[in-house]
Amino acid sequence: MSERTITRAHLSESVYQEVGLSRNESADLLEMVLAEISQALAKGEIVKISSFGTFSVRQKGQRIGRNPKTGQEVPILPRRVLTFRPSQLLKDQINDGLAKKAGKAR
């Protein structure tokens, strides 16, 4: 399994190579897209990227947690959490990739 992390620089370089914008324009475009997604999520909107998945923000209520080391009960405050639900197409691509790797390993 590849341990490579995709960074903004990698994404920006991919835009540069695929679209033909300058490196600076590619970086600016990537930043604009990420900023738009971030702003929408901060407002509580759902962000759906076709053939990729859906990002949404969910409100979690207060609950009682437990410190695993001491066993002491600790209140966990209400908060908003980001969730991602992959599209069926993305799931299929991931599973096809795993099946191909399993076939090569034999």
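Residues numbered from 1 in each chain as written. Predicted model: local features only at pLDDT ≥ 70, side-chain atom pairs only at ≥ 80, totals over all residues. Heavy atoms only, no water.

Under an unreviewed UniProt entry, the protein has the name Integration host factor subunit alpha and belongs to Haematospirillum jordaniae. Taken directly from UniProt, the Sequence similarities (unreviewed entry) text for the protein runs: "Belongs to the bacterial histone-like protein family." UniProt's Subunit (unreviewed entry) comment on the protein is quoted here verbatim: "Heterodimer of an alpha and a beta chain." (UniProt positions renumbered as here; feature names shortened; annotations may be inferred.)

Draft legend 1. Main features of the pattern of salt bridges. Taken as a whole and judged by the stated rule, the model has 4 salt bridges. The shortest N-O distance in the salt bridge between R23 and E13 comes to 3.1 Å. Of this pair, R23 sits in helix α2 (residues 23-42) while E13 sits in helix α1 (residues 8-19), and the two are 10 residues apart along the sequence. Among the residues examined, R23 registers a relative accessible area of 47% and is labelled partly exposed. (Salt bridge = Lys/Arg side-chain N within 4 Å of Asp/Glu carboxyl O. Helix = DSSP H or I, 4+ residues; strand = E, 2+ residues; numbered from the N terminus. Buried < 20%, exposed > 50% of the residue type's maximum accessible area, 1.4 Å probe, protein only.)

Draft legend 2. Broad picture of the pairing of strand β2 (residues 53-60). Here 3 bridges tie strand β1 (residues 47-49) to β2, and the two strands are oriented antiparallel to one another. Opposite K48, over in β2, you have T54 as the bridge partner. Between β1 and β2, which pair antiparallel one after the other, the connecting turn spans 3 residues, and S51 there sits at a positive phi close to 65°. Bridge count between β2 and strand β5 (residues 79-86): 8 bridges; the pairing is antiparallel. Counted as the bridge partner of T54 is R85 from β5. (Pairing = 2+ DSSP bridges.)

Draft legend 3. Region of interest: the sheet that holds β5. An order of β1-β2-β5 is seen for the 3 strands of this open sheet, with the pairing classed as antiparallel. Of all the strands in the sheet, the pair left with one neighbour each is β1 and β5. Adjacent strand axes in the sheet meet at a mean angle of 25° when their direction is disregarded. (Axes fitted to C-alpha atoms, helices over the stretch in contact; angles between N-to-C directions.)

Draft legend 4. Broad picture of the environment of Q39. Secondary-structure assignment places Q39 in helix α2. With relative accessibility at 47%, the residue Q39 sits in the partly exposed group. The spacing of Q39 and K100 is 61 residues in sequence and 38 Å in space, taken between C-alpha atoms.

Draft legend 5. α1, seen in detail. Across its 12 residues, α1 extends 16 Å between first and last C-alpha, which sits within 8% of the 16 Å expected from 1.5 Å per residue. Of the residues one or two after α1, G20 is the one with positive phi, at around 95°. (Expected span 1.5 Å × (residues − 1).)

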